[in-house]
Each structure stands twice: as structure tokens, then as C-alpha cells.
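Each chain is listed here by its residues.
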Amino acid sequence: MAEDPFALAELKRATVSAEWELAPGATTEDDAIRQLYAERPHVLVVFGSFPTLVERALEAYPSLRVISDRATPGAVTVGSLEQVRVAVKPSNGPGGPVRA
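Residues numbered from 1 in each chain as written. Predicted model: local features only at pLDDT ≥ 70, side-chain atom pairs only at ≥ 80, totals over all residues. Heavy atoms only, no water.

K.L.:
Which residues make up the sheet that holds strand S3 (residues 75–77), and what are the values?
P.N.:
Each strand in a sheet pairs with another by means of backbone hydrogen bonds, the pair being arranged parallel or else antiparallel. Pairing is parallel across the open sheet formed by 3 strands, whose spatial order is S1-S2-S3. The strands lining the two open edges of the sheet, one partner per strand, are strand S1 (43–46) and S3. With direction set aside, neighbouring strand axes in the sheet form an average angle of 25 degrees. Of the pairings in the sheet, the one linking S1 to strand S2 (residues 65–68) comprises 4 bridges and is parallel in character. Looking across to S2, one finds that Val43 is bridged to Arg65. Against the sheet, helix H3 (residues 51–60) touches S1 and S2, its axis set at about 175 degrees to S1. (Pairing = 2+ DSSP bridges. Helix = DSSP H or I, 4+ residues; strand = E, 2+ residues; numbered from the N terminus. Axes fitted to C-alpha atoms, helices over the stretch in contact; angles between N-to-C directions. Contact = heavy atoms within 4.5 Å.)

K.L.:
So what about helix H1 (residues 5–15)? Which residues, and what values?
P.N.:
Along H1, the residues that are buried comprise Leu8, Leu11, Ala14 and Thr15. The buried residues of H1 occupy an angular sector of 125 degrees when the element is viewed end-on, so they sit on one face. With respect to the buried face of H1, the exposed residues turned more than 90 degrees away are Pro5, Phe6 and Arg13. Elements that come into contact with the buried residues of H1 comprise S1 and helix H4 (84–88). (Buried < 20%, exposed > 50% of the residue type's maximum accessible area, 1.4 Å probe, protein only. Arc of directions from axis to C-beta.)

Interpretation in functional terms is not warranted from these geometric data alone.
Right, here's the structure in full:
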């Protein structure tokens, strides 16, 4: 999730990895929620001020890993796009995100 199509494209370029698939992405909270229910991702990356989205996502899927560019309750905060890929990959194993 990002605030506009340009920011979303940058975020997707920073996040892409052969270890996991990316969802289409969203620029509105309603689109993000629809994708959340349809795709059931392991990780939600939110760049921009979307605290309600994070709250709704964690309410629906408490084990969802959320990564954000700003301090948001329930989210792991990263300081730059370059840190997103590292934050997505779990530190306790060799693989990408897995369903519990």
C-alpha cells in the first residue's frame, strides 16, 4: 500500500524478491482491504499514513506481519525503501514469509 501509483511502483521495486510473490498493491485503503481478503498475504507493507488500514488488517488477521514507514501500533517500522526487503524476510529461518 502506498499513497499514489508512483510511490507504489517504487515500493514494489524495493520489495520484489524471488523468494515471495507480490500482490498487485493498492493506493486506497478500500482497495488494500479487498486485496487483503482476496490474497490473504503473509506480510502487508504500508507506506503512508494509513493507521486505520493497519488496525483493520490486524483485527482480521492477528498473525499478519505489517511493515510500515512510520511508527504505527502493530507494525514493524522501517526507515527507507531499502530496508523493506530485509524486514519482510523473517530473521529466524532461510525462507520467505510462511503461513502459520
